[in-house]
Amino acid sequence: MADPIAQRIQNDIETNDVMLYMKGTPVFPQCGFSARVIQILTHLEVPFKSANVLDDDELREGIKAFSHWPTIPQLYVKGEFVGGCDIVSEMFQAGELQTLLKENGVPVKAQA
Amino acid sequence: MAMAAGEIEALVKAALPDAQVTVEDLAGDGDHYAATVVSEAFRGISRVKQHQIVYAALRGRMGGELHALALQTSAPE
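Bear in mind the structure is a predicted one, so any value in this text is a computation, not a measurement.

The rules behind these values
- Residues numbered from 1 in each chain as written.
- Chains lettered and ligands numbered in written order.
- Predicted model: local features only at pLDDT ≥ 70, side-chain atom pairs only at ≥ 80, totals over all residues.
- Pairing = 2+ DSSP bridges.
- Helix = DSSP H or I, 4+ residues; strand = E, 2+ residues; numbered from the N terminus.
- Axes fitted to C-alpha atoms, helices over the stretch in contact; angles between N-to-C directions.
- Parallel < 35°, antiparallel > 145°, perpendicular 65-115°, else oblique.
- Left-handed = near helix turned anticlockwise from the far one by under 90°.
- Contact = placed C-beta atoms within 7 Å.
- Nonpolar A, V, L, I, M, F, W, Y, C, P; charged D, E, K, R; others polar.

With that out of the way, let us pick up the pairing of strand E2 (residues 49-52) of chain A. With 4 bridges joining them, strand E1 (residues 18-22) of chain A and E2 of chain A adopt parallel strand pairing. For Met-22 of chain A, the partnering residue across the bridge sits in E2 of chain A and is Asn-52 of chain A.

Encoded structure:
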């Protein structure tokens, strides 16, 4: 993987247990889909790091090529691509996201 | 930039002939859709792979001329 942007992404997702590529910032998401994922992560009180693709065109295109996934947001847990907004929402509603996070040693707020 | 609901359905069915596809135009602007795709091709594979199959069927339109497609995929019950 000689591509510097792919290397940067690889490094980001390996050094951060939960990494979110999004439009905007957690405080000020600039797309409804990114906002939805932020809402879920915040609700679960999951520690995560985010990158704003709107600040960086190279990253915006690079992340799509990296995951073979055409849209943003993209959530990664322990270096693995979990999904975009639809998948993350579905998994959250089914409790699967919470299980996945716990299995990967990420603290999740206990909830009903 | 907009894309017709029928076009989405036709592209998905061209790639997945057995698929049951429903497409709903959420905002009435030809740009924000919700689609449900049920196909035997999805059995036993991860959601990421299921969605990647649908995106591949849309041949690069997703993320480009098609801004928002909320996607739900599953294998037949």
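Before going further, it helps to examine the sheet that holds strand E4 (residues 80-83) of chain A. All names here are of chain A. On the basis of which strands lie adjacent, the open sheet formed by 4 strands has the order E2-E1-E3-E4 and mixed pairing. For this open sheet the edge positions go to E2 and E4, each flanked by a neighbour on one side alone. Neighbour-to-neighbour, the strand axes of this sheet turn through a mean angle of 25°, independent of strand direction. Both strand E3 (residues 74-77) and E4 contribute to a ladder of 3 bridges, which runs antiparallel. Bridged to Val-77 within E4 is Glu-80.

For the rest of this paragraph, the subject is the packing of helix H1 (residues 5-15) of chain B against helix H2 (residues 47-57) of chain B. Geometry of a packed helix pair, given as the angle between the helix axes and the separation of the axes. Residues and elements named next belong to chain B. Put simply, H1 and H2 touch, their axes get as near as 8 Å, and they point 110° apart. As summarised for this structure, H1 and H2 are arranged roughly perpendicular, according to the angle between their axes. Handedness of the crossing formed by H1 with H2: right-handed. Contact residues: Leu-11, Val-12, Ala-14 and Ala-15 in H1; Val-54, Ala-56 and Ala-57 in H2. Looking at side-chain class alone, the contact of H1 with H2 contains 7 nonpolar, no polar and no charged residues.

Chain A puts 8 residues into the contact, and the matching count from chain B is 10 residues. Listing elements by their share of the side of chain A that touches chain B, those giving two or more residues are E4 and helix H4 (85-94) of chain A.

On to the environment of Ala-6 of chain A, then. Relative to the elements of secondary structure, Ala-6 of chain A occurs in helix H1 (residues 4-15). Separated by 61 residues in sequence, Ala-6 of chain A and Ser-67 of chain A have C-alpha atoms that sit 9.8 Å apart.

Residue and element names in this part refer to chain B. Read across the open sheet, the 3 strands follow the order E1-E2-E3; overall the sheet is mixed. On the outer flanks of this sheet lie strand E1 (20-25) and strand E3 (68-74), each paired with one strand and no other. When strand polarity is set aside, the average angle formed by the axes of neighbouring strands in this sheet is 15°. Where E1 meets strand E2 (residues 32-38), 6 bridges bridge the pair, whose relative direction is antiparallel. In the strand pairing of E2, Val-21 is matched with Val-37.

Before going further, it helps to examine unusual backbone geometry. Residue and element names in this part refer to chain A. Residue Pro-73 is bonded to the preceding Ile-72 through a cis peptide linkage, with omega at 15°. Backbone geometry at His-68 places phi at a positive 50°, although glycine is not the residue there. Topologically, His-68 is positioned in the loop between helix H3 (57-67) and E3. The phi torsion at Lys-78 lies on the positive side, around 50°, for a residue other than glycine. Tracing the backbone through its elements, the reader meets Lys-78 in the loop between E3 and E4.

No statement about biological role is implied by the geometric values presented.
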